[in-house]
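Observations on chain architecture
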Amino acid sequence: MRALVLKQDSFRIEEIDRPSMGPSQCLVKVHYAALNHRDQWIREGQYAKIQLPAVLGSDGVGIVEEVGNKAEEKWLGKAVIINPNIDWGRDNRFQAKEYQILGMPSFGTLAEYIVVDMDRLYEQPDYLPMEEAAALPLAGLTAYNALFNKGKVQKGMNVLISGVGGGVAQFAFLFSIAVGANTYITSSKDSVIQHCIGLGAKGGINYTQTNAVKDLAKSIGNFDLIIDSACGDGMNELLAALKPAGKFVFYGATRGLPKDLNMRLIFWNHLQLLGSTMGSDEDFFKMLDFCREHKIHPILDRVYNLDDAVAAFDRMKGNEQFGKIVVEI
Ligand SMILES: NC(=O)c1ccc[n+]([C@@H]2O[C@H](COP(=O)([O-])OP(=O)(O)OC[C@H]3O[C@@H](n4cnc5c(N)ncnc54)[C@H](OP(=O)(O)O)[C@@H]3O)[C@@H](O)[C@H]2O)c1
């Protein structure tokens, strides 16, 4: 089968053996995969415990072609979406030590076929075309956990989603709009801000401008909740934009660590800083349910062919995208 293979000195489409399957597993013919920044971090060698060769890709939808035991034959021919969690563990609040994410070390979705455990399969939401469904798994789950479990978002709250052009951030934005929160956004791209205002954002600002967030916050009386994945030196400006007892939920640190953090501002205003990762299997189920109920359509940036998958990665590296980058396999 054809797969995008990452090795020490190459990253290209190669012919590799089709994976073999155990009795509690199934073989899925992947139709669409989608990229997450995790894939690009691994490509750049900036991720923990990298094992090569690797087939990256945590997001995938496809058709079940073989199952490992007769009791599961009802799945044959079904369109499925794959839960990228492997061994989340018993506590829904945080992942177990053994936890892994599909697509390194296990081979991921950027290949013609993938073998996964049967309990990773969910029926593909039928209101969505396959290429849109492929965008949901990792980013939808991360946004769901950050916004609902950590942020406790509610209708009428002032919510800021930073860097809305990102794969996770656009889901946080779409989910926040769907629950009726007053949703504001930041981006480095004015066109993205305008697009999101068209989709229901109350306002937005370009974070590359000086005092951008400060000015926006002042004009609306500050935020109850900020969802961020950049951190770095922009963090103090974001924290100052929160109301007393406001929440800052972060699931990444694209800009790295802040040089200093305004601790006085945090304790005096009873601010809550909450770290978040993807989410439990139960969250994955709830996220799919939420998307079905609210007919969430992921924002897709572009759909690439597998042959052009390296160019898709380069687009993410250059921060050129708005929404999810999808790869047709
Ligand atoms: N902990 C977890 O489980 C988990 C899960 C998913 C992601 N993450 C992490 O979260 C981050 C985003 O992931 P992703 O897959 O959504 O990546 P992505 O699709 O590549 O999006 C990254 C976005 O970050 C925004 N950004 C860049 N610099 C920024 C800044 N200074 N201020 C605000 N926003 C900025 C950009 O938004 P604009 O284009 O609008 O400027 C960009 O589109 C990555 O660091 C990733 O590793 C962690």
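1. A closer look at the pairing of strand 1 (residues 2-7)
- Taken together, the 6 bridges between strand 1 and strand 2 (residues 10-15) define a ladder with antiparallel strand orientation. Within the sheet, the bridge partner assigned to Ala3 lies in strand 2 and is Glu14.
- Hairpin connection between strand 1 and strand 2: a loop of 2 residues separates the two successive antiparallel strands.
- Bridge analysis of strand 1 against strand 4 (residues 54-55) gives 2 bridges, and the strand direction is antiparallel. Looking at the pairing, Val5 lines up with Val55 of strand 4.

2. Quick notes on the domain arrangement of the chain
- By domain assignment, the chain separates into domain 1 (2-136 + 298-328) and domain 2 (140-275).
- Using only C-alpha atoms to locate each centre, domain 1 and domain 2 end up separated by 28 Å.
- Contact with domain 1, which involves 8 residues of that partner, is made by 7 residues of domain 2.
- In terms of residue class, the side of domain 1 that touches domain 2 is built from 4 nonpolar, 3 polar and 1 charged.

3. Let's talk about the site of the ligand
- Near the ligand lie 31 residues; those nearest to it are Gly163, Gly165, Gly166, Ser187 and Gly252.
- When contributions to the shell around the ligand are tallied by element, the ones reaching two or more residues are helix 1 (37-43), helix 3 (137-150), helix 4 (167-178) and strand 12 (182-187).
- Looking at the shell around the ligand residue by residue, the class counts come to 11 nonpolar, 17 polar and 3 charged.
- Composition of the shell around the ligand by domain shows at least three residues from each of domain 1 (2-136 + 298-328) and domain 2 (140-275).

4. Concerning the sheet that holds strand 13 (residues 203-206)
- The strand order across the open sheet built from 6 strands is 13-12-11-14-15-16, with neighbouring strands paired in parallel fashion. Two strands close off the open sheet at either side, each with one partner strand: strand 13 and strand 16 (272-275). In this sheet, neighbouring strand axes are inclined to one another by 15° on average, regardless of whether the strands run parallel or antiparallel.
- Here strand 11 (residues 158-161) pairs with strand 12 via 4 bridges, running parallel. Its bridge partner being in strand 12, Leu160 is matched across the sheet by Tyr184.
- Against the sheet, helix 5 (residues 190-198) touches strand 12 and strand 13, its axis set at about 175° to strand 13.
- Seen against the sheet, helix 6 (residues 212-220) touches strand 11, strand 12, strand 13 and strand 14 (223-228) and runs at an angle of roughly 160° to strand 13.

5. Here we look at the packing of helix 3 against helix 9 (residues 281-294)
- The contact between helix 3 and helix 9 brings their axes to 9 Å, and the two run at 90°. In terms of axis orientation, helix 3 runs roughly perpendicular to helix 9. Residues Gly140, Leu141, Tyr144, Asn145 and Asn149 of helix 3 lie in contact with helix 9, whose contacting residues are Asp283, Phe284, Lys286, Met287, Phe290 and Cys291.
- Taken together, the residues that form the contact of helix 3 with helix 9 break down as 6 nonpolar, 3 polar and 2 charged.

6. Let's talk about the environment of Val67
- Mapping Val67 onto the fold places it in strand 5 (residues 59-67).
- You can call Val67 buried: it has 20 C-beta atoms within 10 Å.
- Sequence-distant contacts of Val67, defined by excluding residues within four places in its chain, comprise Cys26, Glu72, Glu73, Trp75 and Leu76.

7. Section: unusual backbone geometry
- A cis geometry characterises the amide bond from Leu52 onward to Pro53, with omega recorded as 0°.
- Relative to the assigned elements, Pro53 resides in the loop between helix 1 and strand 4.
- The amide bond that connects Met104 to the next residue, Pro105, takes the cis arrangement and shows omega of 5°.
- Following the sequence through the fold, Pro105 ends up in the loop between strand 8 (100-101) and strand 9 (113-117).
- Even without a glycine there, the phi angle at Lys49 is positive, about 50°.
- If you trace the backbone, Lys49 turns up in the loop between helix 1 and strand 4.
- The phi torsion at Asn319 lies on the positive side, around 55°, for a residue other than glycine.
- Relative to the helices and strands, Asn319 resides in the loop between helix 10 (309-317) and strand 18 (324-328).
- Classification of Asn319 by C-beta neighbours within 10 Å gives partly exposed; the count is 13.

How each quantity is defined
Residues numbered from 1 in each chain as written. Predicted model: local features only at pLDDT ≥ 70, side-chain atom pairs only at ≥ 80, totals over all residues. Pairing = 2+ DSSP bridges. Helix = DSSP H or I, 4+ residues; strand = E, 2+ residues; numbered from the N terminus. Domains from an automatic or database assignment. Contact = placed C-beta atoms within 7 Å. Nonpolar A, V, L, I, M, F, W, Y, C, P; charged D, E, K, R; others polar. Near = placed C-beta within 6 Å. Axes fitted to C-alpha atoms, helices over the stretch in contact; angles between N-to-C directions. Parallel < 35°, antiparallel > 145°, perpendicular 65-115°, else oblique. Buried ≥ 20, exposed ≤ 12 C-beta atoms within 10 Å, placed from the backbone.

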